[in-house]
Amino acid sequence: MATTGKKSVLFVCLGNICRSPIAEAVFRKMATDAGVVEKWVIDSGATSDWNIGSSPDARGVACLRKHGVETSHRARQVTNDDFMTFEYLLCMDESNLSELNRRAKLVKNGVAKVELLGSYDPKKQRIIEDPYYGSDEDFEKVYEQCARCCKAFLEQNS
């Protein structure tokens, strides 16, 4: 994490079963393909505790597989240590951003830069909407947004 000499990123959404595990898996594959994955600590987490220990949503896993991306993530909640050990906490929407900023103020010695993942989107779509109550097409849209944003984030941090 920040203290290991590696770059580090934690992708964050509400439940850590849809958007953030997609972003984590996409970024990990991009970093692997670029030959820089060993220089990164990559993870994802939730602002809520609703899904701790759960696998990603099956629709998200199917979408990732369609694009040749695998994941073995289990949902976890963001901890106070995450604010001290990760360089970047990249979240999906304004609610996530507000909650992370609120929590960051409570952590002494926090180093994490809290941002919207969508702030890296070349198409300027800052919010990555939760596809949980949506369709397969909504998961595909999340994948596409995450792919654009992760590519730009990796390019800016390599």
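These numbers come from a predicted model, not from an experiment.

Asker: Can you explain the environment of lysine 123? Please cite residues and give values.
Answerer: Looking at the secondary structure, you find lysine 123 in the loop between β4 (113–116) and α5 (136–156). It is 21 Å that separates the C-alpha atoms of lysine 123 and leucine 89, two residues lying 34 residues apart in sequence.

Asker: Give me the side chain of glutamine 145: which residues, what numbers.
Answerer: Mapped onto the fold, glutamine 145 is located in helix α5. Apart from residues lying up to four places away in sequence, glutamine 145 is in contact with Gln125, Ile127, Ile128 and Glu129.

Asker: Before we move on, can you summarise the nonpolar core with the specific residues and values?
Answerer: Of all hydrophobic cores here, the largest spans 34 residues; its most connected members are Val9, Phe11, Phe27 and Leu117. Of all the secondary structure elements, the ones that give two or more residues to this core are β1 (7–13), α1 (19–33), β2 (40–46), α2 (58–66), β3 (88–91) and α5. Residue contributions to this core peak at ten residues, all from α5. Among residues more than four places away in sequence, those in contact with phenylalanine 27 are Val9, Phe11, Trp40, Ile42, Cys150, Phe153 and Leu154. Residues Val41, Val78, Leu100 and Leu116 belong to the second largest nonpolar core, which totals 14 residues.

Asker: Mind laying out the pairing of β1, listing which residues take part and the relevant values?
Answerer: Counting buried positions along β1 gives six out of seven residues, so the element sits mostly inside the fold. Here β1 pairs with β2 via seven bridges, running parallel. For leucine 10, the partnering residue across the bridge sits in β2 and is aspartate 43. Regarding the hand of the β-α-β motif, the stretch spanning β1, α1 and β2 is right-handed. Pairing between β1 and β3: four bridges, direction parallel. From the neighbouring strand, valine 12 faces β3, where its bridge partner is cysteine 91.

Asker: Could you give an account of the pairing of β4, with specific residues and numbers?
Answerer: Where β3 meets β4, four bridges bridge the pair, whose relative direction is parallel. When the bridges of β4 are listed, tyrosine 88 appears paired with lysine 113. The handedness of the β3 to β4 crossover, carried by helix α4 (residues 94–104), is right-handed.

Asker: Tell me about unusual backbone geometry, and name the residues and values.
Answerer: Excluding glycine, most residues fall at negative phi; most peptide bonds, likewise, are trans. A positive phi angle, close to 60 degrees, is found at asparagine 16, a residue other than glycine. Mapped onto the elements, asparagine 16 comes out in the loop between β1 and α1. On the accessibility criterion, asparagine 16 (0% relative accessible area) is buried. Its identity is not glycine, yet asparagine 109 carries a phi of approximately 65 degrees, on the positive side. Residue asparagine 109 is classed as exposed on the basis of its relative accessible area, which comes to 66%.

Each value, and the rule that gives it
- Residues numbered from 1 in each chain as written.
- Predicted model: local features only at pLDDT ≥ 70, side-chain atom pairs only at ≥ 80, totals over all residues.
- Heavy atoms only, no water.
- Helix = DSSP H or I, 4+ residues; strand = E, 2+ residues; numbered from the N terminus.
- Contact = heavy atoms within 4.5 Å.
- Core = buried A, V, L, I, M, F, W, Y, C linked by side-chain atoms within 4.5 Å.
- Buried < 20%, exposed > 50% of the residue type's maximum accessible area, 1.4 Å probe, protein only.
- Pairing = 2+ DSSP bridges.
- Right-handed = clockwise from strand over helix to strand, strands pointing away.

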